[in-house]
Each structure stands twice: as structure tokens, then as C-alpha cells.
Amino acid sequence: MRFQQRKAVACLISIIALSGCQQSASPASAPTQAEHPTAPQPSPVTAHVTYDGPFGLRMGLSPAEAKAATSSLEESDQGPGIYRTNSVPVSHPDFESYSLLFSQKSGLCKVVAIGKDIQSGDTGYEVRSAFDAIDKAITGKYGKGKKYDFTSERYDSPEFWMMYLLKKNRTLAKVWSKEEGSSLTSNLGSITLEAGATDMSTGYLVMRYEFQNMSDCVAEGEAEKNKGL
């Protein structure tokens, strides 16, 4: 009796260890397929390439390379070499869409990120707070820049801040560049953060990253514009 008990225990250990004794185990003690159904295999996930530049992109990417990294890149009707996407390899929660400018000779030369709507009061407190948060993050990574905060109106009344911004009589922007003493990396030529408004109570932020090959895009754009002259 003890021998049979020891044998049963030995078989149970062997089953757990996935070795031996399967044939001597009784059908009642063996796990059935119904008791242990095969787990469904997960669907394969496509891994997008991530680069070391802003939003996981980098200078010089071709449209095809950028599309492989973003998955939703589409050509825009705003001009030659301009593409749009709602996804980037490394996204930021404050931005919802992106425009990419390409040079045929040098590839990606500019990335523009459009921010989400910011509901704000007349004084623009919410817009200014969002601006300051991004300003702090960029300054922490790239060093100092030059801030522009002024109005062209004769009287700078705080209660009209959003109205001035909407009418483009108010400027809130900051520029990071070598000329301003910034420590730019990833072949960046400049970074610009700017606030805008769509109505009296809705603002947004725009980030512009220009790479060092931006001059190629400018030259090609001018050539395309003037080719019919």
C-alpha cells in the first residue's frame, strides 16, 4: 500500500515536471483538453522604428522611412514636400497632429507639432500655464532660449489677453538656437514654441523643430514656386 502511495506521489511529481509516468497515470487523473484549453496566440504587433530626434524622428528621413515610423503619414495639399500624421514614434500628450516637411535632396528638415485645444479665460492664464510647462521642459533639455512676450496694442490690459492673441496683436513665443546660446542636439538648427488662439476662449500651442538641412527645403520650395516664371 505504501509502495503504491509512493508511486502515485512520484508520478504526480513527474507530471508536474513534464517527464515520465504519463502512461501509468489513470485517465481520470490526467488533465483533459477541455480542462486546459490551448491559450490563443496573440496577434503580432508591428514595431515602429524610433530615432533619437524630436518625437522619435530625425533629420534626413525620407517620406517612406518616416511613414514606416509613424504608420499614418499622408501627403498634404498645403505644398510640395509637406506631409501630415496624427502619430509619431514618441508622442507628447499636449500635441495631437504633426506636419513634416521634406527636401527631395536631404529628406526630413522640419517637424511642426500642433497642440490640443486649451480652454482659457480672458486673461489667457491656462494658455500661459501650458506654455510655461513646455518652456520649462525644453529649457531643461536644450538650455536657454529667447522669449518674446509683448503686444502691439497701446494698452496691455490683462482682461483682453485672449482677444489680442486671437487678433494676432499679442505674441507669446520662445526660440532656442545656437545664436541664443542653446545646446541643441540631434542635428537641430532651431526650436520654436508659440501660442495661438482659434477663438476668444480657446488657445493652443505650436512647436517647430527645424533641422540643420532646413536651407535645402527653403531652396527647393523657392524653385518650385518660381518654376513657371
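From a predicted model like this one, the values you see are computed outputs, not experimental measurements. (Residues numbered from 1 in each chain as written. Predicted model: local features only at pLDDT ≥ 70, side-chain atom pairs only at ≥ 80, totals over all residues. Heavy atoms only, no water.)

S.K.: Can you explain the overall build of the chain? Please cite residues and give values.
M.R.: A tally of helices and strands in the chain yields five helices and nine strands. In sequence order, the chain lays out its α and β elements as α-α-β-β-β-β-β-α-β-α-β-β-β-α. By sequence separation, contacts in the chain at least 24 residues apart represent 52% of the contacts at least 6 residues apart. Approximately 14,500 Å² of the chain is accessible, and the part contributed by carbon and sulfur atoms is 53%. (Helix = DSSP H or I, 4+ residues; strand = E, 2+ residues; numbered from the N terminus. Contact = heavy atoms within 4.5 Å. Areas by Shrake-Rupley, 256 points an atom, 1.4 Å probe, with all protein chains shown as cover.)

S.K.: An account of the pairing of strand 7 (residues 170-177) is needed here, citing residue identities and associated values.
M.R.: Summarising burial for strand 7: six of the eight residues are buried, a large majority. The sheet contact formed by strand 6 (residues 146-151) and strand 7 spans six bridges and is antiparallel. Paired with Asp149 across the two strands is Leu172, which belongs to strand 7. Pairing analysis gives five bridges linking strand 7 to strand 8 (residues 188-199), with the strands arranged antiparallel. Bridge pairing in strand 8 links Ala173 to Glu194. (Buried < 20%, exposed > 50% of the residue type's maximum accessible area, 1.4 Å probe, protein only. Pairing = 2+ DSSP bridges.)

S.K.: Summarise the side chain of Thr151; cite the residues concerned and give the values.
M.R.: Mapped onto the elements of the fold, Thr151 is located in strand 6. We classify Thr151 as buried; its relative accessible area is 16%. Looking at Thr151, its side chain comes within polar contact range of the main-chain nitrogen of Glu153, at 3.1 Å. Within polar-contact distance, the side chain of Thr151 engages the backbone oxygen of Asn169 at 2.7 Å. What Thr151 contacts, discounting residues up to four positions off in sequence, is Asp156, Tyr164, Asn169 and Arg170. (Polar contact = N/O pair within 3.5 Å; in protein donor to acceptor, adjacent residues only side chain to side chain.)

S.K.: Requested: an account of the nonpolar core, with residues and values cited.
M.R.: In terms of nonpolar packing, the biggest core is built from 35 residues, with Leu100, Leu205 and Met207 touching the most fellow members. Mapped by element, the contributors of at least two residues to this core are strand 3 (95-103), strand 4 (107-115), helix 3 (125-142), helix 4 (161-166), strand 7, strand 8 and strand 9 (202-211). For this core, the leading source of residues is helix 3, giving six residues. Not counting chain neighbours up to four residues away, the residues in contact with Leu100 comprise Leu57, Ala66, Leu73, Gly81, Ile82, Tyr83, Thr85, Leu108, Lys110 and Val111. By size, the runner-up hydrophobic cluster in this structure holds five residues, among which are Ile82, Leu101, Cys109 and Cys217. (Core = buried A, V, L, I, M, F, W, Y, C linked by side-chain atoms within 4.5 Å.)

S.K.: So what about the pattern of salt bridges? Which residues, and what values?
M.R.: Per the stated rule, a full pass over the model turns up eight salt bridges. Asp156 is paired through a salt bridge with Arg170; the nearest N and O atoms lie 2.5 Å apart. You can see Asp156 sitting in the loop between strand 6 and helix 4 and its partner Arg170 sitting in strand 7, a full 14 residues away along the chain. On the basis of relative accessible area, Asp156 is assigned to the partly exposed category, the value being 47%. Looking at Arg170, the relative accessible area reads 7%, which means it is buried. Each member of the salt-bridge network shares a partner with another, and the members are Asp149, Asp156 and Arg170. (Salt bridge = Lys/Arg side-chain N within 4 Å of Asp/Glu carboxyl O.)

S.K.: If you had to explain unusual backbone geometry to someone new, which residues and values would you point to?
M.R.: One non-glycine residue, Phe55, lies in positive phi territory at about 60°. Mapped onto the fold, Phe55 is located in the loop between helix 1 (2-16) and helix 2 (63-70). Phe55 gets classed as buried once you look at its relative accessible area, which sits at 11%.

S.K.: Residue-level account of the packing of aromatic side chains, with values.
M.R.: Evaluation of the coordinates by the stated rule reveals five aromatic pairs. Between Phe55 and Tyr98, the aromatic rings sit 5.1 Å apart at their centres with planes inclined by 65°, giving edge-to-face as the arrangement. Of the two residues, Phe55 sits in the loop between helix 1 and helix 2 while Tyr98 sits in strand 3, which places them 43 residues apart along the sequence. For Tyr98, a relative accessible area of 2% gives the class buried. Summarising the aromatic geometry, the rings of Phe55 and Tyr209 are spaced 5.6 Å apart at their centres and angled 85° between planes, so their arrangement reads as edge-to-face. Pair noted here: Phe55 is in the loop between helix 1 and helix 2 and Tyr209 is in strand 9, with a separation of 154 residues, a long-range link. (Phe/Tyr/Trp six-rings, centres within 6.5 Å; stacked < 30°, edge-to-face > 60°.)

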